[in-house]
Amino acid sequence: MDMFKEIEKWRHLTKDWLEKKKQAELLGETKNDYLAELISQQDGKTHAEKERMARTSKEWKTLQEGRLHAEHEERCALFRRKDAEMVINAIGDANASMRKEMRMGGSVT
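What you are looking at is a predicted structure, and each value in this text was computed from that prediction instead of being measured. Residue numbers here run from 1 along each chain, matching the order of that chain's written sequence. Whole-chain, interface and lining totals are the exception, using all residues; otherwise, since this is a predicted model, local features are given only for residues with pLDDT of at least 70 and side-chain atom pairs are given and counted only at 80 or more. The basis for every side-chain value is the complete set of heavy atoms in the structure, and neither hydrogens nor water enter the calculation.

What to know about the overall build of the chain
For the chain, the count of helices and strands is three helices and zero strands. The numbering of helices and of strands both runs from the N terminus, where a helix is a DSSP run of H or I of at least 4 residues and a strand a run of E of at least 2. Put simply, the chain runs from its N terminus to its C terminus through helices and strands in the order α-α-α. The globule rule is 2.2 Å times the number of residues to the power 0.38, and the radius of gyration it is compared with is taken over C-alpha atoms. By the compact-globule yardstick of 13 Å for 109 residues, the chain is too spread out, its C-alpha radius of gyration being 24 Å. In terms of its C-alpha atoms, the chain occupies a principal-axis envelope of roughly 85 × 25 × 15 Å. Burial status across the chain gives 23% buried among its 109 residues. Contact criterion: two residues are considered in contact whenever any of their non-hydrogen atoms come within 4.5 Å of each other. Taking all contacts inside the chain whose residues are at least 6 apart in sequence as the whole, residues at least 24 apart take part in 69%. The cut-offs for exposure are 20% and 50% of the maximum accessible area for each residue type, with area from a 1.4 Å probe on protein chains only; residues under the lower value are buried, those over the upper are exposed, and the others partly exposed.

Take a look at the structure:
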């Protein structure tokens, strides 16, 4: 395996993960503001009734599904990044063992 190709792959996966993380965090941070806006748009008589109507609305369910999907995508991207990091570490360990073997002039166990 080519270490430089693996590092480039890791860089790409890190960028992808950071973008997905930013999106998931943004949706998480703005959900309360969105809920407050939905509550204010409801026709209920009490705040509790308006909140219940907002939380059962299609708009709120769509936001929640989008947020959960974004969080899932972020976790998957993180796992892909960590997998690539493990490959890089394994290559580095193998290279270190080969260098040690070459210095010692024989096999290393």
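With respect to the packing of helix H1 (residues 3–40) against helix H3 (residues 58–104)
Two numbers describe how H1 lies on H3: the axes approach to 8 Å, and their chain directions differ by 160°. In terms of axis orientation, H1 runs roughly antiparallel to H3. Our pair here, H1 against H3, has a crossing hand that is left-handed. Per-class residue counts for the contact of H1 with H3 are 19 nonpolar, seven polar and 13 charged. All axes here are fitted lines through C-alpha atoms, helices being fitted over the stretch that makes contact, and every angle between N-to-C directions spans 0 to 180 degrees. Angular relationships are summarised with four words: roughly parallel below 35 degrees, roughly antiparallel beyond 145, roughly perpendicular across 65 to 115, and oblique for the angles in between. In this scheme, a crossing is called left-handed if the near helix is turned counterclockwise away from the far one by less than a right angle; it is called right-handed if the turn is clockwise. Charged residues are taken to be Asp, Glu, Lys and Arg, nonpolar residues to be Ala, Val, Leu, Ile, Met, Phe, Trp, Tyr, Cys and Pro, and polar residues to be all remaining types, Gly included.

Things to note about the nonpolar core
Nonpolar core, defined: a set of buried Ala, Val, Leu, Ile, Met, Phe, Trp, Tyr and Cys residues in which side-chain atoms within 4.5 Å join the residues together. Ranked by size, the top nonpolar core spans nine residues in total: Ala24, Leu27, Leu35, Leu38, Ile39, Ala54, Trp60, Leu63 and Ala70. If you list the elements that add at least two residues to this core, you get H1 and H3. Setting aside its immediate chain neighbours within four residues, Leu27 contacts Leu63, Gly66, Arg67 and Ala70.

Digging into H1
A helix is expected to reach a length of 1.5 Å times the quantity of its residues less one. Taking 1.5 Å of rise per residue, 38 residues should cover 56 Å, and H1 covers 56 Å from first to last C-alpha, within 8% of that figure. Bend is the name given here to the angle between axes fitted to two runs of seven residues, the run ending at a residue and the run starting at it. Of all the bends in H1, the greatest measures close to 40° and is centred on Lys31. Among the residues of H1, those classed as buried are Glu6, Leu13, Thr14, Asp16, Trp17, Ala24, Leu27, Leu35, Leu38 and Ile39. Those residues of H1 hidden inside the fold are in contact with helix H2 (47–55) and H3. For this analysis, a polar contact is any N or O atom pair within 3.5 Å, provided that within protein one partner can donate a hydrogen and the other can accept it, and provided that sequence-adjacent residues contribute only side-chain to side-chain pairs. Between a side-chain oxygen at the N-terminus of H1 and the backbone nitrogen of Phe4 the separation is 3.2 Å; the capping residue is Asp2.

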